[in-house]
Amino acid sequence: MEQRSADLAAPATGHNVEPSTVGQTVPVTATPVTPRWPRWPQRIRPRALIGSSYLLLAFALTIKVWSEPARNIIAGNPNDTGLYCWWLAHTAHAVTSLSNPFITHLANAPEGINALWNTSVLVPGLILTPLTTVAGPVASYNVLVVLAFSLSASGAYLFARMLGVRTAPAYIGGVVYGFSPALVAAGTGHLSLVLAPAIPLLLCLVTDIVRQTGRPLRKGILLGTGAGLQLLTGEEVLFITAVTATLGLGLLMLSRPEYVRRAGGSARALLIAFLSCLALTGIPLVLQFFGSPRSHGSPFLTNFFKSDLTGFYVPSARQLLASPEQAERAATFQGGAPEYMGYLGWPLLILCVSATVIGFRDLRLRVAGLTGVALAVLTLGSTLLVRGIETGLPLPWHLVARIPVFDAALPDRFALGTALMAGLVLAIVLDRLPSQLGLGGPLTATVAAAVAAVCVLPLVPRPYSVERSPAVPSFFTTNAVEILPANSNVLVLPYPSGVQTAPLFWQTAARFHFSMPGGYFIGPADDGKAYMGGRTPTATARLLTDVGQGLSSEPLTPARIAQARDDFARLRIRAVILGPTPHVAELRDTVTFLVGSQPTFTGGVYVWLPA
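Because the structure is predicted, anything quoted here is derived from the model rather than measured.

What counts, and at which threshold
Residues numbered from 1 in each chain as written. Predicted model: local features only at pLDDT ≥ 70, side-chain atom pairs only at ≥ 80, totals over all residues. Heavy atoms only, no water. Core = buried A, V, L, I, M, F, W, Y, C linked by side-chain atoms within 4.5 Å. Buried < 20%, exposed > 50% of the residue type's maximum accessible area, 1.4 Å probe, protein only. Helix = DSSP H or I, 4+ residues; strand = E, 2+ residues; numbered from the N terminus. Contact = heavy atoms within 4.5 Å. Pairing = 2+ DSSP bridges. Axes fitted to C-alpha atoms, helices over the stretch in contact; angles between N-to-C directions. Parallel < 35°, antiparallel > 145°, perpendicular 65-115°, else oblique. Left-handed = near helix turned anticlockwise from the far one by under 90°. Nonpolar A, V, L, I, M, F, W, Y, C, P; charged D, E, K, R; others polar. Phe/Tyr/Trp six-rings, centres within 6.5 Å; stacked < 30°, edge-to-face > 60°. Lys NZ or Arg CZ within 6 Å of the ring centre and 35° of its normal. 1 Å grid on protein atoms, 1.4 Å probe; cavity = no way out; pocket = protein on both sides within 12 Å on 5 of 7 lines; lining within 4 Å. Points joined across faces, edges and corners; volume = space filled by probe spheres on them.

(A) Structural view of the nonpolar core. Ranked by size, the top nonpolar core spans 123 residues in total, and within it Phe149, Leu191, Ile199, Leu348, Leu416, Leu420 and Leu484 carry the most contacts. The dominant element in this core, judged by the number of residues it contributes, is helix α18 (residues 415–437), at 14 residues. Sequence-distant contacts of Leu484, defined by excluding residues within four places in its chain, comprise Phe475, Val490, His513, Phe514, Ala575, Ile577, Val607 and Leu609. Leu116, Val123, Val206 and Leu232 belong to the second-largest nonpolar core, a separate cluster that totals 22 residues.

What follows is the structure in structure tokens.
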């Protein structure tokens, strides 16, 4: 028989009735009433200590950032980091100026950008508005990275505790998820992914609803509010959570058909959750799907961002114990280092598979293990990739890849759910060791520590390397910027794009005194499909981009000059700014020809103010 604690749906509390007292009259005696003091302080203290230890681990991982947190960024993906910093600054600007945070015309002007079609991290940006306003978006970004790791680990710890796992094993499970290779890879410029405490926390609430403990109204409102806040933080993480929950619930129902018959209360709570989420996110969702500009589909190549089969056991340079040969092999991954998220290591892989098989009667191991396997298969995409070679072997993702929402998801990112399930399986195994081994306390503790060390050590990450965010010319940080007409559309060069994000830092430093064409964003092309950068750039934008990259040496004909002036008029360009760039002389001369006037050099930039 299974232990009752192994049942996901076991009630949290119960009352036992002594058989000898049934049907008898029990005399009532007056006894002094001992006051019952609240127990929550005793529960909070150990959780606070555990949360603090996770926070210290997160600081250790990012230690090099903190020598100058307002300028240092995690190295390896500066353009994506610049994008998130822009959105954090934009949200702070929207709050302080009481403007629309969901649709902005400060970039890609005058068409604008739909924030919810982009990784705009609105809720974290809102919470950290005071810090962003005072210290800048880079400081807020770095704070969020630290909180992301520590809160994700804490969420996994709480989920393991909810499943009946003791404190020490649950702590190890939190470490495995919160500092997993999946999250550490995402920490390289993918803020909306590394902010993933919602996956275990929302699964906690779903589990509570399945158990049918407490009031359905309260549980439903909590789940709906949490889902709504996550939707406004990062829709992709919410989607990963939903798929993980669906897989887990499906396995639970197959394992315990009686739960289907008892599903009425759970269904009511889930309906309340849906309505609560809709109440919180209804207006943003209307703006996302019916506002302008809106998109459909994904800007990314189909079946490209997926895990390589060898990525499960070959560590990248992010892992402390990776050999140079292993790191070199991982570096050839087609998705790049920030997407190398599937690594778990041979020891943890072997433990998860063997524990799921051997401990199949434990409902917790069964559901967590099989859910982890299913998510791992989803990360492999539509066809199997092995050592960078496409085998053409079709996989389950092929069946869902064209379904709406699924068609915009990147398969490799389901590794977040796989890492959580692996951490839970390890925690449950460590929790079961005393009863399984039947050994004394010290010996069992030694065995458990050895198992934990063998599984966790291959995952230990190196502290992040850092680089400097782009320098900001003094023009943007002083009153010099006021020579630009307030709220006017200004062409900033080098032309802002996904590979040229310095202008995003300059615009945020100027506190959005001006809007600008271009930017790093997802937007609709003429057919409405989502693309990086939206519509095809104007002929003038392409010319200036080529000159900025040293690729153009064609003469500026009268037709090109006329085209440029027509583009400037159509975009309502009121000024042109050229900042530091490797090809500044070529760009300066080109813009001078196009505008027809000489620039002014001030505050480290060239400024043209056309008549």
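(B) Main features of the sheet that holds strand β11 (residues 600–602). Across the sheet, four strands lie side by side as β7-β10-β12-β11; this open sheet has mixed pairing. Each having just a single partner strand, β7 (489–493) and β11 make up the two edges of the open sheet. Shown here is a sheet whose adjacent strand axes are inclined to one another by a mean of 25°, direction ignored. Alignment of strand β10 (residues 573–578) against strand β12 (residues 605–608), held across three bridges, turns out to be antiparallel. Across the sheet, Val576 pairs through a bridge with Trp608, a residue of β12.

(C) The packing of helix α11 (residues 235–255) against α18, seen in detail. In the contact formed by α11 and α18, the axes pass within 9 Å of each other and the chain directions differ by 50°. Classified by the interaxial angle, the pair formed by α11 and α18 is oblique. Crossing geometry of α11 relative to α18 is assigned as right-handed. Residues Val237, Ile240 and Thr244 of α11 form the contact with α18, whose own contacting residues are Leu416, Gly417 and Met421. Looking at the contact of α11 with α18 residue by residue, the class counts come to four nonpolar, two polar and no charged.

(D) Geometry of the pairing of β12. Residues Val605 and Val607 point to one face of β12 and Tyr606 and Trp608 to the other, with burial holding for every one of them. Judged from the three bridges that link them, β11 and β12 form a sheet pairing that is antiparallel. Looking at the pairing, Thr602 lines up with Val605 of β12.

(E) Representation of the packing of aromatic side chains in the model. Applying the stated criterion to the full structure yields 20 aromatic pairs. Here the aromatic rings of Phe475 and Phe476 are separated by 5.2 Å at their centres, their planes lie at 90°, and the arrangement is edge-to-face. A relative accessible area of 0% means that Phe475 is categorised as buried. Measuring from ring centre to ring centre gives 6.4 Å for Tyr606 and Trp608, while their planes differ by 35°; the resulting arrangement is tilted. Here Tyr606 and Trp608 have matching classes, each one buried. A network of ring pairs unites the aromatic residues Phe239, Trp397, Phe406 and Phe414 as a single cluster. Sitting over the ring of Phe360, Arg366 keeps its end group 4.7 Å from the ring centre.

(F) Structural detail: empty space enclosed by the protein. Counting across every chain of the model gives seven cavities of 30 Å³ or more. Lining the second largest cavity, in full, are Leu491, Tyr495, Pro517, Thr538, Thr540, Ala541, Leu544, Asp567, Phe568, Leu571 and Ile573. Those elements that provide at least two residues to the lining of the second largest cavity are α21 (539–548) and α22 (558–570). Class assignment of the residues belonging to the lining of the second largest cavity gives a composition of eight nonpolar, two polar and one charged.

Geometry only, nothing functional implied.
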